[in-house]
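# Chain and residue survey
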Amino acid sequence: MDKIRIIGGNPLSGTIRISGAKNAMLPLMAASLLSDKTLILKNAPLLDDVMQMGSLLEQLGVSLTVDASGATRAVHLKAEKITTTTASYDIVRKMRASILVLGPLVARCGYAKVSLPGGCAIGVRPVDLHVKGLMAMGTEIELEDGYINARAPSGLKGADYTFPLVSVTGTENLLMAACLAKGTTILRNVAREPEITDLAHCLNSMGARISGIETDTLVIEGVTLLHEATYTVLPDRIETGTYAIAAAITGGEIQLIDTDFDLLPGFTSALELIGVKLARIANGILVTAPAGRPQATDIITAPFPGFATDLQAQIMALLTIAKGQSCITETIWENRFMHVPELMRMNADIQVEGSRALVTGVKSLKGAQVMATDLRASVSLVLAGLAAKGETVISRVYHLDRGYENLEAKLSACGAQIERVKVDEAA
Ligand code: EPZ
């Protein structure tokens, strides 16, 4: 298993190109199941999670090719014939986003058998809302031997469904399913994350009839068929935020290109309170660290347009060296502070009380051996390592490959001393 070794302390400076968004790419790939025609996804991030979704779709009968001839890669997906409607535990347990095939399979085939994903490092992560929404659209569902058995042999019916709480993949699953339902579906209290907007635009370019995009109520008039489309995946806002913090935490200045300032409203306002300067530039954002230490601030994670939970671990790394005390409240996931003990090994001063973490800023972090526990926790340790004095060695870095394309190359190009080493070489 690889490790990452970082010698911290270099202010980063340079340009980083932001990749396509992982959390947009995964539902967009699942959307290919809705049609027998080709869906081409441009600006595709080639990440482990994307490969994993690709393997699942191939098992279901989708043909998939990667075209690397353009400036960015394109993934071509064609679900001409769905050969099985079963998504097995073996594949779903490795990636929870596999649940995204449930809605499209039932909508197109009238049947689906999808393993329940089970819990994961950041929380219990139930999928009851996906199930209840599909039931409202006329699907019979039985939970049996760890599987969701969904049947709608005469097709889905339009429904009026209100999410009792905001769910990103829940919204995506029902949105995809509703495209092929008979009649009109109204989905209320939906998530408004930019990845959902991206999915809705892509579905409309395939011939779906979705309105209310970007609001909390989506109205979908069902159609009988969707057709071919070519769609460009939006920039990864979480990768954007992560590299913005890399500039801020090292006292540097980085241009983030092929990304969009407006994807991160809750995050950018928090960075400005911390003293980080953000400027719009052509095709991106210029991020400049505060002149002295960052200022402490309070953070509360929330659905879009609030502060994204997927940037909570990274902002915590920055606040460990801020002047003063910050309070970070995690409202989305019940167990998303696993980076705290690892950051404390690096001299951070953090106290966790339930869903709140009190971060008392220290003058500097110190390099240490630490262990990654999930994707965003891992990258927060990379950020801390970039700022820390001395050497940081992070183990279990396979989590990073699920969500960050060419992380070491992107950071090295800005002056970071970071390398990936084999376990025996790092010992
Ligand atoms: C998506 O997960 C993202 N994953 C997550 O990104 C992200 O952390 C999360 O949204 C919140 O923004 C993808 O887009 C692939 P939810 P999702 O359903 O859809 C509860 C990353 O690091 N809930 O919005 O699974 C749930 O337990 C990741 O890239 C139910 O109770 O999240 C949670 O407390 C990890 N029942 C809250 O809702 C349900 O049926 C929000 O979860 C569904 C969710």
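For clarity, every value in this text was computed on a predicted model and none was experimentally measured.

The next point concerns the overall build of the chain. Along the backbone of the chain there are 15 helices and 24 strands. Since a compact globule built from 427 residues should have a radius of gyration of about 22 Å, the 22 Å found for the chain is in line with a globular shape. Its C-alpha atoms put the chain at 65 × 45 × 45 Å along the principal axes. Put simply, the chain has 427 residues, and 56% of those count as buried. Considering only contacts in the chain between residues 6 or more positions apart, those separated by 24 or more positions represent 74%. Counting only carbon and sulfur atoms, one obtains 50% of the accessible surface of the chain, whose full area is about 16,400 Å².

Moving on, we get to the pairing of strand β4 (residues 63-67). Strand direction decides the pairing type here: β4 and strand β5 (residues 74-78), joined by 5 bridges, are antiparallel. From the neighbouring strand, V66 faces β5, where its bridge partner is V75. Between the end of β4 and the start of β5, which pair antiparallel, lie 6 residues.

Taken in spatial order, the 4 strands make up an open sheet running β2-β15-β17-β16, and their pairing is mixed. Each edge of the sheet is formed by a strand with only one pairing partner; in this case those strands are β2 (13-17) and β16 (277-281). Taken pair by pair, the neighbouring strands of this sheet meet at an average axis angle of 20°, ignoring direction. Here 5 bridges tie β16 to strand β17 (residues 284-288), and the two strands are oriented antiparallel to one another. Bridging from a neighbouring strand, A279 pairs with L286 of β17. Lying on the sheet, helix α8 (residues 237-249) is in contact with β2, β15 (253-257) and β17; it crosses β15 at an angle near 165°.

D128, S167, T169, D310 and I332 are the nearest of the 21 residues found near the ligand. Here an oxygen atom of the ligand and a side-chain polar atom of K22 are 3.0 Å apart. With respect to the ligand, the side chain of N23 contributes an N or O atom lying 3.1 Å from an oxygen atom. Elements represented by at least two residues in the shell around the ligand include exactly α1 (22-31), α5 (128-136) and α6 (168-179).

Attention now moves to α1. By the criterion of burial, α1 is predominantly enclosed, with 9 of the 10 residues buried. Turning to α1, its buried residues are K22, A24, M25, L26, P27, L28, M29, A30 and A31.

A general feature of soluble globular proteins is that nonpolar side chains tend to end up buried together. With 145 residues, the main nonpolar core has V101, L203, L271, I315, L407 and L411 as its most contacted residues. Mapping this core onto the domain boundaries places at least three of its residues in each of domain 1 (3-19 + 235-426) and domain 2 (22-232). Setting aside anything within four residues of it in sequence, one finds L411 in contact with L12, Y243, A246, V382, L386, A416 and I418.

Right, let's get into the pattern of salt bridges. Under the counting rule described, the total for this entry stands at 21 salt bridges. Ionic pairing is found between D90 and R93, a salt bridge with its closest N-O pair at 3.9 Å. D90 sits in the partly exposed class, given a relative accessible area of 47%. For R93, a relative accessible area of 44% puts it in the partly exposed group. Between D401 and R420 there is a salt bridge, with the nearest N and O atoms lying 2.9 Å from each other. With D401 in helix α13 (residues 398-401) and R420 in strand β24 (residues 417-421), this pair connects stretches of sequence that are 19 residues apart.

Moving on, we come to the packing of aromatic side chains. For the structure on display, the rule yields 2 aromatic pairs. Taking 5.1 Å as the distance between ring centres and 80° as the angle between the ring planes, the aromatic pair formed by Y161 and F163 counts as edge-to-face. Judged by relative accessible area, which is 10%, Y161 ranks as buried. Residue class for F163 comes out buried when judged on its relative accessible area of 1%. Seen from their ring centres, F267 and F307 are 5.8 Å apart, and the 50° between their planes marks the pair as tilted. Of this pair, F267 sits in helix α9 (residues 265-274) while F307 is found in the loop between β18 (299-300) and α10 (312-319), placing the two residues 40 residues apart along the sequence. For the cation-ring pair, R93 lies above Y89, with the distance from its terminal atom to the ring centre recorded as 5.9 Å. Directly above the ring of Y147 sits K113, whose terminal nitrogen or CZ lies 4.9 Å from the centroid.

Turning our eyes to something else, we now look at helix α2 (residues 48-60). Between the first and last C-alpha of α2 there are 19 Å, a value that for 13 residues agrees with the 18 Å anticipated at 1.5 Å per step. Taken as a whole, α2 has its buried residues at D49, V50, M53, G54, L56, L57 and L60. Seen along its axis, α2 keeps its buried residues to an arc of 165°; they face one direction. The inward-facing, buried residues of α2 contact α1, β4, β5, β6 (86-87), α3 (89-92) and α4 (102-109). Looking at the residues trailing α2, positive phi occurs at G61, about 115°.

Looking at the assigned domains, one finds that the chain contains domain 1 (3-19 + 235-426) and domain 2 (22-232). For domain 1 versus domain 2, the distance between C-alpha centres works out to 30 Å. Across the contact, 23 residues belong to domain 1 and 23 residues belong to domain 2. When domain 1 packs against domain 2, the two sides together hide about 1,900 Å² of surface, and 50% of this comes from carbon and sulfur. Of all residues in domain 1, F304, R402 and E405 bury the most surface against domain 2, accounting for 31% of the area lost on that side. At the junction of domain 1 and domain 2, the tally comes to 3 salt bridges. Here R237 ties to E195 by a salt bridge, and the two come within 2.8 Å at their closest N and O atoms. In this assembly, domain 1 and domain 2 are joined by 8 residue pairs in polar contact (both at pLDDT 80 or more). Of the residues that constitute the side of domain 1 that touches domain 2, the class distribution is 8 nonpolar, 4 polar and 11 charged.

Rules used throughout
Residues numbered from 1 in each chain as written. Predicted model: local features only at pLDDT ≥ 70, side-chain atom pairs only at ≥ 80, totals over all residues. Heavy atoms only, no water. Helix = DSSP H or I, 4+ residues; strand = E, 2+ residues; numbered from the N terminus. Rg over C-alpha atoms; globule rule 2.2 N^0.38 Å. Buried < 20%, exposed > 50% of the residue type's maximum accessible area, 1.4 Å probe, protein only. Contact = heavy atoms within 4.5 Å. Areas by Shrake-Rupley, 256 points an atom, 1.4 Å probe, with all protein chains shown as cover. Pairing = 2+ DSSP bridges. Axes fitted to C-alpha atoms, helices over the stretch in contact; angles between N-to-C directions. Near = heavy atom within 4 Å. Polar contact = N/O pair within 3.5 Å; in protein donor to acceptor, adjacent residues only side chain to side chain. Core = buried A, V, L, I, M, F, W, Y, C linked by side-chain atoms within 4.5 Å. Domains from an automatic or database assignment. Salt bridge = Lys/Arg side-chain N within 4 Å of Asp/Glu carboxyl O. Phe/Tyr/Trp six-rings, centres within 6.5 Å; stacked < 30°, edge-to-face > 60°. Lys NZ or Arg CZ within 6 Å of the ring centre and 35° of its normal. Expected span 1.5 Å × (residues − 1). Arc of directions from axis to C-beta. Buried area = accessible area lost by both parts, 1.4 Å probe. Nonpolar A, V, L, I, M, F, W, Y, C, P; charged D, E, K, R; others polar.

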